[in-house]
Each structure stands twice: as C-alpha cells, then as structure tokens.
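Report on the structure
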Amino acid sequence: MDVTEETPAFAGLLDLASARVGAAALEASDEFFAPKENLLKPGRGIFIPDKYTDHGKWMDGWETRRRRTPGHDWCVIRLGYPGTIRGVDIDTNHFVGNYPERASVDAAAGRLDASPENLDWQEILAPIELGPSRQNMFAVDDDRRWTHLRLNIYPDGGVARFRAYGYAVPQRKFSPDDVVDLACVENGGVALLCSDQCFGHMNNMLMPDRPVNMGDGWETRRRRGPGFDWAVVRLGEPGQLEYVEVDTTHFKGNYPGRCSVEACLAEGETREGFEAERCTWMEIVPEQALQADSIHRFDLNAGDRGPFTHVRLNIFPDGGVARFRVFGYPATENKEGRL
C-alpha cells in the first residue's frame, strides 16, 4: 500500500481550527482589510484582481492594517473540538507584498465560553519565519489538550488560512457499557492513512452529522489499474466492536461496488508513527456488495470483536463513502467487564 507523501504527515489529521467542525475566530487585534473569519474557511482562498472595498484591496483571508506603533497583531480561535495539536499551517496564499514576516502560536485550555483575556496562554510554536503565497507548515511537539489558539503575526499583514491539525480529545469519558461510534472525530477518531483522496478528504467520513452532499465524504479517483482503495482509521479509544456502518448517501454513479473491513490491535504505536504494514490485520467484515445512496450495517461475529485500536475500510475498486461508523464498547473493558 504505497502512498506518496507530498505534505507533512500531520496534515492528514483533523483540522481542529476549521469552521466545518465548529471552530470560531473570537477576537483579533485588527481586521481592517479582511475579516478574521476567513482564516477558518475551506480551501486556500481565491484572488480577484479587480475587486476592491471601501478599505482597499479585497483579500480572501485575514489582513490587518500597516502597523505604525510597537507590538504585533493577533487572532484568537476557539477550536471546534478540544484536542492535541500536532502541526499548523499558516497559509499566506495570494499574500505576496503584505504577508507577515514571522508568526507564532499560543494555546490555552479552558471553558469553551471563556473570554480570551481570562485564559492562561502557553507558547506551542515560537516565532518563526513565513514565506509569501505558500503553505507554511510547522510541526508541534506537544501532547497537552487545548481549547483555544492564538495566532500571532509580526508585525502585521495578511494570512489566507490557518489550520491546526491534531486529534480531538473528548471532554467526557465513556462508560464500558456505552455503545458509541469509536471512529467519530468528536470521540477522538481520526483517519490516518488512505490510498487516495482526490475528491474528498478521508476525515469527512468520520464527521458526526449527516452528509450534506457528495462533496461531504471520502472519494477516490477512478481506478484504471489493478488493486483497490482503502483508508485506515485510528479509533478514539480501543474497543470491543459490535457493528459498522458504511454509508454511501449521495453517491449514486460513483459508489464502491463492494467493501470489506479489517481491524488490528496496535499496542505501543505512536500516533504519527503508525505503520499499517507492521500490523496483523484481522478481517471483521468480509467483502460485501454495496448499494448506491444507502446506509449499510454489518454486525460482527462474536469472535471478530477485538479489542482493536485501528480499522481499515477497503473499497472495491474505488468510489465514494459518505460516512463510516464503528460502534463498540470503549476503553479496556467490555460490557461484561473483561477484555
């Protein structure tokens, strides 16, 4: 299962600073030319050469006025889900003569409705040089759980998009008697690897809500050679699994013909160092035919329930999946109190 890695591994994780998952830009020191909310929008931003506003050139990002006093500009973001940050992308797309010289990131943990001035801020990315019109990606080595981030730019300028990639860390602990969707992003699940995601990101299929359209799922390109497509999901907690759901809602002329599901127990694997080929995979759902625009439920046999930490969804030969659910009993015990 060879995958060409064109970006850092952390960029495949969940963007906790996306408006898609409920993140919000709360406050900014200045947003004279372009509003802070643009930072959290999808895509990398567009450029319209002849578009202007009363304040000047229209830009698809967050842009402050030229600073004439000491200090620097900043924007406070409440994460969509509290979680750990493994890397950030400070994207200056289309900002060429007006991008910040440097940037840093602070983080805080507190109530989601807390005022930014009442939070205890900790630096997780020291001031670092940025480049013009590019994705500036920086790894973050920090395992703490955060609720808010503060993007600092020095001394001023414009940023098109801000991404904070990592893992959601649920606020509540699940009881061993709770059957929950262990793959859902709000429960800490995350898609780590996939064969292809040409038309839709793999983490889309782990979102808690219903898909809104065909673009709100995981979709691969049309396969012209042998093989099949796949995606590996790290469960939010190890669990004894009960059943899985493969949802092809909105996929009608491009749903997979068949699917299968495998699982493994990867004890001791680091989050970013997961290597699928080193695991012993167990088939828990044999190849099954799929239908267009449908929710498919597959109950697991008693001997195929784990415990497991990762699952791999295989689709034959290619296509789109709107949602992938993995229901089971979390943590180290099952409902009978034993592994």
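So, the packing of aromatic side chains
- Counted under the stated rule, the structure contains 4 aromatic pairs.
- Their ring planes at 40° and their centres at 4.9 Å tell us that F228 and F316 sit as a pair that is tilted. Of this pair, F228 sits in the loop between strand 15 (218-219) and strand 16 (229-247) while F316 sits in strand 20 (residues 308-316), and the two are 88 residues apart along the sequence.
- For F316, a relative accessible area of 10% corresponds to the buried category.
- Centroid distance Y243 to F327: 4.6 Å. Interplanar angle 20°. Geometry classified as stacked. Of the two residues, Y243 sits in strand 16 while F327 sits in strand 22 (residues 323-330), which places them 84 residues apart along the sequence. By the burial criterion, Y243 is buried, and F327 matches it.
- One Lys or Arg, K51, reaches over the ring of W58 and ends 4.2 Å from the middle of that ring.
- Above the face of the Y154 ring, R102 is positioned so that its terminal group lies 4.9 Å from the ring centre.

Looking at the nonpolar core
- Ranked by size, the top nonpolar core spans 80 residues in total, and within it I85, I90, F162, L313 and F324 carry the most contacts.
- Counting residues per element, this core draws most heavily on strand 16, which supplies 8 residues.
- Core analysis: the next-biggest nonpolar cluster, separate from the first, contains 5 residues, V76, A108, A114 and W121 among them.

Let's talk about the environment of F162
- For F162, the position within the fold is in strand 12 (residues 161-168).
- Expressed as a C-alpha distance, the spacing of F162 and K41, which sit 121 residues apart in the sequence, is 8.8 Å.
- Ignoring sequence-local partners within four residues, the contact set of F162 consists of A17, L39, L40, I77, V88, D89, I90, V105, L149 and L151.

Things to note about the pairing of strand 6 (residues 73-91)
- Of all 19 residues that make up strand 6, 17 are buried, and the element is covered over most of its length.
- As paired strands, strand 2 (residues 24-28) and strand 6 are joined by 4 bridges and run antiparallel to one another. Residue pairing across strands places A28 opposite C75, the latter belonging to strand 6.
- With 7 bridges joining them, strand 6 and strand 10 (residues 146-154) adopt antiparallel strand pairing. Note that in strand 10 the partner of R78 across the bridge is H148.
- Here 8 bridges tie strand 6 to strand 12, and the two strands are oriented antiparallel to one another. Residue T84 lies in a different strand from strand 12, and its bridge partner there is Y167.
- Here strand 6 runs beside strand 9 (residues 135-139); their pairing, made up of 5 bridges, is antiparallel. Counted as the bridge partner of I90 is N136 from strand 9.

How each quantity is defined
- Residues numbered from 1 in each chain as written.
- Predicted model: local features only at pLDDT ≥ 70, side-chain atom pairs only at ≥ 80, totals over all residues.
- Heavy atoms only, no water.
- Phe/Tyr/Trp six-rings, centres within 6.5 Å; stacked < 30°, edge-to-face > 60°.
- Helix = DSSP H or I, 4+ residues; strand = E, 2+ residues; numbered from the N terminus.
- Buried < 20%, exposed > 50% of the residue type's maximum accessible area, 1.4 Å probe, protein only.
- Lys NZ or Arg CZ within 6 Å of the ring centre and 35° of its normal.
- Core = buried A, V, L, I, M, F, W, Y, C linked by side-chain atoms within 4.5 Å.
- Contact = heavy atoms within 4.5 Å.
- Pairing = 2+ DSSP bridges.

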